[in-house]
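# Summary of the model geometry
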Amino acid sequence: MACLAGALGWAGASWAEKQPNILFVLTDDQGYGDLACHGHPFLQTPNIDKLYAQSTRFTDYHVSPTCAPTRSALMSGRNPFEVGVTHTILERERMALGVTTVAEVLKNAGYATGIFGKWHLGEEAAYQPGNRGFDEVFIHGAGGIGQNFQGGQGDVPRNDYFDPTIRHNGVFEKTSGYCTDVFTRQALGWIKQQKDKPFFAYVAFNAPHGPYKVAESYSAMYLEQAKDKNIAAFLGMITNIDENMGLIMQKLDEWGLAENTLLIFSTDNGSAKGSTIYNAGMKGKKGSVNQGGARVPLFFRLPGLTTSGRDLDQLARHIDLFPTFAELAGADISGLGLDGRSLVPLLKDPEAAWPDRKLCFHTGRWPKAGARGNFGKGDANPDSYKNKNYAVRSEKWRLVGPDALYDIEKDPGEERNVFAQHPEVVSGLNQAYEAFWSRARPLMVNEDAPLDIEKPFLVNYLKQKETTGIPNWVAPEL
């Protein structure tokens, strides 16, 4: 049975409602506006634009304002604060032990599971992806290549975006090439080997997160229009990502996998560097609880389930992806108490019932006692920040902090504060936030985690270097 894309120029065999492969591509610090298909005036993303044309797009999809919280929600199906993740560093990025992950659920449902790129949910062995449901693990350390923060988080010394050293199933390997190219090739090599099981491939690029490093040929494309070398490099990193998306799509077609692979493209928070150029009319960027800090792209392509060129404007959130994947896999998650809801009904029928709900956001990132520098300055009690840097969204409204309310349907740019005109709306949104905080506060289990500890990723690297050495990565044949 054919799924025809008509004028959009793409066709694939229909999804037969068997367990589909799931290939989830997540970029780092790329905002909603950092795509040509979303209106960017000069950024070139032809391959992602092609995927956009072939996909069902969620146009009101939201994540968290920063990266580790988003990643924890994607992996757990729960609000980040409820799994202990309130920051990106200082041990507060660790996803609480005992939390069931989507990788574990899919693995139990018969999937091969692999992660390629960025994990950022804990460096100690028990927190690492190989102990949280992933069969294949090919990752850098810390929250970014080469990063090193107080506590357990630290990457390989002097690691770089070019020829990075990567930990592959517990063994460090010296790769050759640019990081995004390396992660794509490794992921595709693993996908090519999957014959007997459906697969879940989580391809989590560290780009375009800073430092803004990419081959000069990419950044040169944008220097004249961006007028800033870091913004030009940021945009060049996105064009490099786009080329890798093109390779992924090419290989899925070539290997006959496109017709039964759910291909997803999304990002982890609002734009870090591109919002000054183009922000799709939104207020805020990475770190903000306004629309621009958390509204990001979400494209789904699975022939027979999704519809080319269809936009869905229902409010969706990162916590919804876990139950979505579980439903497609036929996995029972009824006992997990997830916060999200499956998007499958909307993918099947845009008019499906989708009750309104109130979704809570918080930047987190408050000080921590014992942390060095500015990270340790100020009150470290989370309760002191309860009423700061938060937001609550419903389908129509966005409450931002204690004194701002926006009608998102009429005012998507959050330009007109209507707080005083709608006290009953404010009351209802605040009640939802109070309930959220009361539920989440006891689950912030990393707040007092000690910082005077070893860095497991670094320690293991140095031990291997001194004993067996660091072998060269063998790039898979594609």
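The text that follows walks through the structure, step by step, so that each part is easy to find. Please read these numbers as outputs of a predicted model, since none were measured by experiment. Throughout, a residue's number is its position along its own chain's written sequence, starting from 1. Only residues with pLDDT of at least 70 are given local features in this predicted model, and only at 80 or more are side-chain atom pairs given and counted; all residues enter the totals for whole chains, interfaces and linings. By convention in this description, side-chain values take in all heavy atoms of the structure and omit both hydrogens and water.

### Considering the packing of aromatic side chains
- Any two rings among Phe, Tyr and Trp, with Trp reduced to its six-membered ring, count as a pair given centres within 6.5 Å; such a pair is stacked if its planes are under 30 degrees apart, edge-to-face if over 60, and tilted if neither. Counted by the stated rule, this structure contains 27 aromatic pairs.
- Both rings, one in Phe24 and one in Phe325, keep their centres 6.0 Å apart while their planes meet at 70 degrees; by these two values the pair is edge-to-face. One end of the pair, Phe24, is in strand 3 (residues 21–27); the other, Phe325, is in helix 9 (residues 321–329), and 301 residues separate them in sequence. For the pair formed by Phe24 and Phe325, the shared burial category is buried.
- Between Phe81 and Trp366 the ring centres are 5.7 Å apart and the planes differ by 75 degrees, which places this aromatic pair in the edge-to-face class. With Phe81 in the loop between helix 2 (67–76) and helix 3 (102–108) and Trp366 in the loop between strand 15 (359–362) and strand 16 (390–393), the pair connects residues that are 285 residues apart, well separated along the chain.
- Owing to a relative accessible area of 3%, Trp366 belongs among the buried residues under this scheme. The secondary structure listing takes helices from DSSP runs of H or I that are at least 4 residues long and strands from runs of E that are at least 2 residues long, numbered from the N terminus. Remark: exposure states derive from per-residue accessible area (1.4 Å probe, protein chains only) relative to the maximum for the residue type, with buried under 20%, exposed over 50%, and partly exposed in between.

### Describing helix 12 (residues 456–467)
- Look at helix 12: 16 Å from first C-alpha to last across twelve residues, which is about the 16 Å you get at 1.5 Å a residue.
- Among all positions of helix 12, only Pro456, Phe457, Leu458, Tyr461 and Gln464 are buried.
- Those residues of helix 12 that are buried are in contact with strand 7 (136–139), strand 8 (165–168) and strand 9 (171–174).
- Residue Gly469 follows helix 12 closely and has a positive phi angle near 85 degrees. Helix span, expected: 1.5 Å multiplied by one less than the number of residues in the helix. Contact between two residues is taken to exist if any of their heavy atoms lie within 4.5 Å; hydrogens are not considered.

### Thoughts on the sheet that holds strand 18 (residues 405–407)
- Spatial strand order, 15-16-17-18: four strands in an open sheet with antiparallel pairing. A single partner strand is all that each edge strand has here, and the edge strands are strand 15 and strand 18. Neighbouring strand axes in the sheet, compared pairwise and without regard to direction, differ in orientation by 15 degrees on average.
- Here the rule is simple: two strands pair whenever DSSP picks up at least two bridges between them. Where strand 16 and strand 17 (residues 397–400) come together, three bridges link them in antiparallel fashion. Note on strand 17: the bridge partner recorded for Arg393 is Arg398. Geometry is summarised by axes, namely lines fitted to C-alpha atoms with helices restricted to the contacting stretch, and by angles between N-to-C directions that run from 0 to 180 degrees.

### Looking at the pairing of strand 16
- Taking every second residue as pointing to the same face, both faces of strand 16 are buried, with Tyr390 and Val392 on one and Ala391 and Arg393 on the other.
- Remark: three residues form the turn of the hairpin made by strand 16 and strand 17, two consecutive strands paired antiparallel.

### Section: the environment of Leu263
- Examined against the element boundaries, Leu263 turns out to sit in strand 11 (residues 261–267).
- Owing to a relative accessible area of 0%, Leu263 belongs among the buried residues under this scheme.
- Considered as a pair, Leu263 and Leu359 are 96 residues apart in the sequence and their alpha carbons are 26 Å apart.
- Those residues within four positions of Leu263 in sequence are excluded, and the remaining contacts are Leu23, Val25, Leu51, Ile248, Met249, Leu252, Phe299, Phe300 and Arg301.

### Side note on the pattern of salt bridges
- The rule for a salt bridge is simple: a side-chain nitrogen of Lys or Arg has to be within 4 Å of a carboxyl oxygen of Asp or Glu. Throughout the structure, instances matching the rule amount to 19 salt bridges.
- The salt bridge partner of Lys118 is Asp28, with a shortest N-O separation of 2.6 Å. Here Asp28 lies in the loop between strand 3 and helix 1 (46–54) and Lys118 lies in the loop between strand 6 (112–117) and strand 7, a separation of 90 residues in the sequence.
- Here Lys118 falls in the buried class, since its relative accessible area comes to 0%.
- What makes Asp28 buried here is its relative accessible area of 0%.
- Residue Asp320 is joined to Arg357 by a salt bridge in which the shortest nitrogen-to-oxygen separation is 2.6 Å. With Asp320 in the loop between strand 14 (316–317) and helix 9 and Arg357 in the loop between helix 10 (344–348) and strand 15, this pair connects stretches of sequence that are 37 residues apart. Judged on exposure class, the residue Asp320 and its partner Arg357 are both buried.
- Put simply, Asp28, Arg71, Lys118 and Asp268 are held in one network by salt bridges that share partners.

### Focus on the pairing of strand 17
- The side-chain alternation of strand 17 yields two buried faces, one formed by Trp397 and Leu399 and the other by Arg398 and Val400.
- The pairing of strand 17 with strand 18 spans three bridges and is antiparallel. Counterpart to Arg398 in the pairing with strand 18 is Tyr406.
- The turn joining strand 17 and strand 18, which pair antiparallel and follow one another in sequence, is formed by four residues; a positive phi near 70 degrees is taken by Gly401.

### Describing unusual backbone geometry
- Between Ala207 and Pro208 the backbone carries a cis peptide bond, its omega angle lying at 0 degrees.
- Checked against the element boundaries, Pro208 lands in the loop between strand 10 (199–204) and helix 5 (216–219).
- Unlike most non-glycine residues, Arg365 shows phi in positive territory, near 70 degrees.
- Mapping Arg365 onto the fold places it in the loop between strand 15 and strand 16.

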